Amino acid sequence: MATLNDFLNSTGRLRENLRSEANTEVEQIISNWLAERIEIAQNELEQNDRVGTGALKQSVRAEIETDDATIVKVLAEDYWDFINSGVNGVANNFGAKYSFKNLGVGSNMKQAFREFIQVRGITPREPEMSYDSLAYVLARSVKKKGIRKTPFMDEGFSDEAIKELADRLGKGVTKIFE
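These remarks concern the structure in this document. (Residues numbered from 1 in each chain as written. Predicted model: local features only at pLDDT ≥ 70, side-chain atom pairs only at ≥ 80, totals over all residues. Heavy atoms only, no water.)

From N to C terminus, the protein includes nine helices and five strands. Listed by position from the N terminus, the elements making up the protein come as α-α-α-α-β-β-α-β-β-α-α-β-α-α. Partitioning the contacts of the protein with sequence separation of at least 6, the portion at a separation of at least 24 is 62%. Accessible surface computed for the protein: about 11500 Å², of which carbon and sulfur atoms make up 49%. (Helix = DSSP H or I, 4+ residues; strand = E, 2+ residues; numbered from the N terminus. Contact = heavy atoms within 4.5 Å. Areas by Shrake-Rupley, 256 points an atom, 1.4 Å probe, with all protein chains shown as cover.)

Within the structure shown, the criterion is met by three aromatic pairs. Judged by centre distance (5.8 Å) and plane angle (70 degrees), the ring pair of Trp33 and Phe157 falls under edge-to-face. With Trp33 in helix 3 (residues 25-47) and Phe157 in the loop between helix 8 (152-156) and helix 9 (159-177), this pair connects stretches of sequence that are 124 residues apart. On the accessibility criterion, Trp33 (4% relative accessible area) is buried. For Phe157, a relative accessible area of 18% corresponds to the buried category. (Phe/Tyr/Trp six-rings, centres within 6.5 Å; stacked < 30°, edge-to-face > 60°. Buried < 20%, exposed > 50% of the residue type's maximum accessible area, 1.4 Å probe, protein only.)

The subject of this paragraph is the pairing of strand 2 (residues 70-75). Note that strand 1 (residues 61-66) and strand 2 share six bridges and pair antiparallel. What sits directly across from Arg61, in strand 2, is Leu75. (Pairing = 2+ DSSP bridges.)

Time to look at a negative patch on the surface. A grouping of Asp154, Glu155, Asp159 and Glu160 is seen on the molecular surface, where their side chains present a negatively charged patch. Counting only elements with at least two residues in the negative patch, the list comes to helix 8 and helix 9. Summarising the element assignment, Asp159 is placed in helix 9. For Asp159, a relative accessible area of 57% translates into the label exposed. (Patch = residues over 30% accessible without salt bridge, like charges linked within 9 Å, V, L, I, M, F, W, Y side chains within 5 Å. Salt bridge = Lys/Arg side-chain N within 4 Å of Asp/Glu carboxyl O. Lys, Arg positive; Asp, Glu negative; His and termini not counted. Charge placed at Lys NZ, Arg CZ, Asp CG, Glu CD.)

One finds Trp33, Leu56, Val60, Ile83, Phe152, Met153 and Phe157 to be the most contacted residues of the largest nonpolar core, which totals 21 residues. Within the residue set of this core, elements represented by two or more residues are helix 3, helix 8 and helix 9. Element by element, the count of residues in this core is highest for helix 3, at eight residues. (Core = buried A, V, L, I, M, F, W, Y, C linked by side-chain atoms within 4.5 Å.)

It is worth spelling out the environment of Ala91 at this point. Along the polypeptide, Ala91 turns up in the loop between strand 3 (87-88) and strand 4 (98-99). Sequence separation between Ala91 and Ser141 is 50 residues; the distance between their C-alpha atoms is 9.9 Å.

Written out as structure tokens, the structure is:
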């Protein structure tokens, strides 16, 4: 019984365009789709005023690995899912899959808020308040109130978007066969 690989090995140009290597027509379809979807995810962050320092928006990217198959990884800062899914606060329950357990503020969170304050040009209302104190107060407030859901990755890479990629790939492969 002939396998798909046997068939592809005997097809000339078709094999060249379906192989899992860089710059094939199939990979170009995937690359173009990824660029569009990443832009949608980044725009979702912007439209919901979730840019902050801009680190999360700038970190959304794709890596394509080709070997025997094409593997696509969509990457972002390690906290992306907290923004995408939301986080329940100690005092608020949004029904999110994550929750803050207490009001304690760790050094990493405090540092992130210091950077946020600097980028946004926020100044303390009271002259005697330090930027460290302001960062602590803001971080504690976030832990109390939670983080609202901004489904930027869900929007960018929805089930409908995946179906669109499948359709594009189907049309691309059909075009190669012609």
